[in-house]
Amino acid sequence: MKSSPEITAIVLCAGKGERAGQNGNKLFSLVGGQAVAAMTAAKFARFDRLIAVVAPAETEEMRALLPPCAEIVAGGKTRTESVRNALAAIGDTDIAVIHDGARPFVTDKILDEAIASAIEFGSGVAATKAVESLKIATDDGVKSLDRSKVYCVQTPQAFCFADLKAAYERVAGDLTDDSEVMERAGYPVRLTAGSPDNRKLTYPADFNGLNDAYRIGLGYDVHPTAKDRKLVLCGETFDADFGLAGHSDADAPVHAIMDALLSAAGMPDIGVLFPDTDPAYLGADSMELLRTVKSRCAAFEIINLSVCIMAQRPKIAPRVSKMRDNLAAALGVPRDNVNISATTTEGLGIVGEGRGIASAAVVLMRTK
Ligand code: CTP
Ligand code: MG
């Protein structure tokens, strides 16, 4: 092998994605906002040549996703046919590294190891150790396999091009694993380190969570204390000799929670939504307003809500359990996803001097 062999990458993008249930070729599906094909192919732009195997009907659409250096080759009916078309188009090269377009999480480390092995030994095939106990089930019964000797084979698979080409000429039929073609043609196959992360997007569940967007929101509110007002915190009325002044029932923690939700959702705050100049909200039940805010955030699922109440008096802790229940019911989330802490401010400031009660809330949400 030359001191700096020419490396040609083959990225297979010409499948139909029938098992993935993604409404067409799964390589057009988005992962974190980027098409799978774009994500995978970008990792191969650094090689001497990049062959992208693409279904003829998808050439235009795919071309827009691939690095400009990619040479497009027409795909075949099966993966084997697609590989054969790529091998024919290459002409000659030193090392060919084949990769499934449907494995967008491949790393440079996995690639470099497979290629280094191919340069030194003629082949480098990414593989992972089996995790579960393994059995072979036949009509004669079930037999256990020695797990320490069993591997799951992935791509990238890198080979000496001349050997690979000869193997594909010698071995007929459709095989979805290039290393099996090499094996059947009598070439030794050497395994290198793959990774469970380098999984192939095959079934609908493989796409779960790949486009989840998390949003965090912070809300804060403070209301002055007042005689002759009820003290309502998170929908619970406290037996206290003071309450909080405000246009609504002045439930400060619920106001903080609503602002946290609206902020996370990218919407205007409660000052805009429920203006204190609007008589409709005079004496309003803030828990009712919270239900309205929740319905406005219907596109999001609440992961958790954390509320802090700052009050010198009264003692909040004995009521926290009921307050959590109130919030969980209004937001339609399990009680474990809502928590409330309370603190005095050690006599300091507006809260410490008993002139007001403040509250802060943080919420984490996920797009549905
Ligand atoms: N592939 C290809 N040409 C084919 C079939 C498959 O280039 N005729 C590619 C796929 O695009 C994929 C890789 O080979 O990147 C692995 O195949 P697989 O996961 O089976 O993808 P699909 O064939 O697209 O999916 P399915 O079998 O569910 O239809
Ligand atoms: Mg397939």
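Criteria and thresholds
Residues numbered from 1 in each chain as written. Chains lettered and ligands numbered in written order. Predicted model: local features only at pLDDT ≥ 70, side-chain atom pairs only at ≥ 80, totals over all residues. Heavy atoms only, no water. Helix = DSSP H or I, 4+ residues; strand = E, 2+ residues; numbered from the N terminus. Rg over C-alpha atoms; globule rule 2.2 N^0.38 Å. Buried < 20%, exposed > 50% of the residue type's maximum accessible area, 1.4 Å probe, protein only. Areas by Shrake-Rupley, 256 points an atom, 1.4 Å probe, with all protein chains shown as cover. Lys, Arg positive; Asp, Glu negative; His and termini not counted. Charge placed at Lys NZ, Arg CZ, Asp CG, Glu CD. Phe/Tyr/Trp six-rings, centres within 6.5 Å; stacked < 30°, edge-to-face > 60°. Polar contact = N/O pair within 3.5 Å; in protein donor to acceptor, adjacent residues only side chain to side chain. Contact = heavy atoms within 4.5 Å. Pairing = 2+ DSSP bridges. Axes fitted to C-alpha atoms, helices over the stretch in contact; angles between N-to-C directions. Core = buried A, V, L, I, M, F, W, Y, C linked by side-chain atoms within 4.5 Å. Near = heavy atom within 4 Å. Nonpolar A, V, L, I, M, F, W, Y, C, P; charged D, E, K, R; others polar.

Considerations on the overall build of the chain
Check the secondary structure of the chain and you find eleven helices and 18 strands. Against the globule reference of 21 Å for 368 residues, the chain gives a C-alpha radius of gyration of 31 Å, more extended than a compact globule. By principal-axis analysis of the C-alpha atoms, the chain measures approximately 95 × 50 × 45 Å. A burial count over the chain gives 47% of its 368 residues as buried. With the model as given, the accessible surface of the chain reaches about 18100 Å², and the carbon-plus-sulfur share is 52%. In the chain, which carries 40 positive and 47 negative side-chain charges, the distance between the mean positions of the two groups comes to 3 Å.

Some details on the packing of aromatic side chains
Here a ring pair, both rings aromatic, is described through the centre-centre distance and the interplanar angle of the planes. As enumerated under the stated definition, the model contains two aromatic pairs in all. When the centroid spacing of 6.0 Å and the interplanar angle of 50° are considered together, the rings of Phe44 and Phe47 count as tilted. Overall, the relative accessible area of 0% leaves Phe44 in the buried class. Taking relative accessible area as the criterion, Phe47 reaches 11% and is therefore assigned buried.

Some thoughts on the side chain of Ser123
You can see Ser123 is positioned in strand 7 (residues 123–129). In this structure the side chain of Ser123 is engaged in a polar contact, spanning 3.4 Å, whose partner is the backbone oxygen of Pro188. Residue contacts for Ser123: discarding those within four places in its chain leaves Ser117, Ala118, Ala158, Phe159, Pro188, Val189 and Arg190.

Re the side chain of Ser286
Tracing the sequence through the fold places Ser286 in helix 9 (residues 286–296). Setting aside residues no more than four positions away along its own chain, Ser286 makes contact with Ser248, Asp249, Asp251, Val254, His255 and Met258.

Points about the sheet that holds strand 1 (residues 7–12)
Reading across the sheet, the seven strands line up as 5-4-1-6-10-7-11 and stay open at both edges, with mixed pairing between neighbours. Both edges of this open sheet fall to strand 5 (71–74) and strand 11 (191–193), since each of them pairs with a single strand only. Ignoring strand direction, the axes of neighbouring strands in this sheet form an average angle of 30°. In terms of strand pairing, strand 6 (residues 95–100) meets strand 10 (residues 151–160) through four bridges, oriented antiparallel. Bridge pairing links Ala96 to Phe159 in strand 10.

Description of the nonpolar core
Formed by 47 residues in total, the largest nonpolar core has its most connected members in Leu261, Leu290, Ile309 and Leu327. Elements with a minimum of two residues in this core: strand 13 (231–233), helix 7 (252–264), helix 8 (270–273), helix 9, strand 16 (300–310), helix 10 (320–331), strand 17 (338–343) and strand 18 (356–367). Look past the residues within four positions of Leu327 in its chain and what remains in contact with it is Cys234, Val254, Ile257, Met287, Leu290, Val307, Val338 and Ile340. One finds Leu27, Val31, Ala41 and Leu210 within the second-largest nonpolar core, a separate group that totals 34 residues.

Some words on the site of ligand 1
Around ligand 1 lies a shell of 19 residues, among which Gly17, Glu18, Arg19, Ser82 and Lys200 are the nearest. In the environment of ligand 1, an oxygen atom lies 2.8 Å from a nitrogen or oxygen atom belonging to the backbone of Leu12. Taken by itself ligand 1 offers 560 Å² of open surface, and the protein chains cover 89% of this. Here the shell around ligand 1 is composed, by residue class, of five nonpolar, six polar and eight charged.

Thoughts on the sheet that holds strand 17
Within the open sheet, the five strands sit side by side as 15-12-18-16-17. Their pairing is mixed. The sheet is open, and its two edges are formed by strand 15 (243–244) and strand 17, each paired on a single side. Where strand 12 (residues 214–226) meets strand 15, two bridges bridge the pair, whose relative direction is antiparallel. Paired with Thr225 across the strands is Leu244, a residue of strand 15. Across the sheet, helix 10 lies against strand 16 and strand 17, angled at about 140° from strand 17, the strand it touches most.

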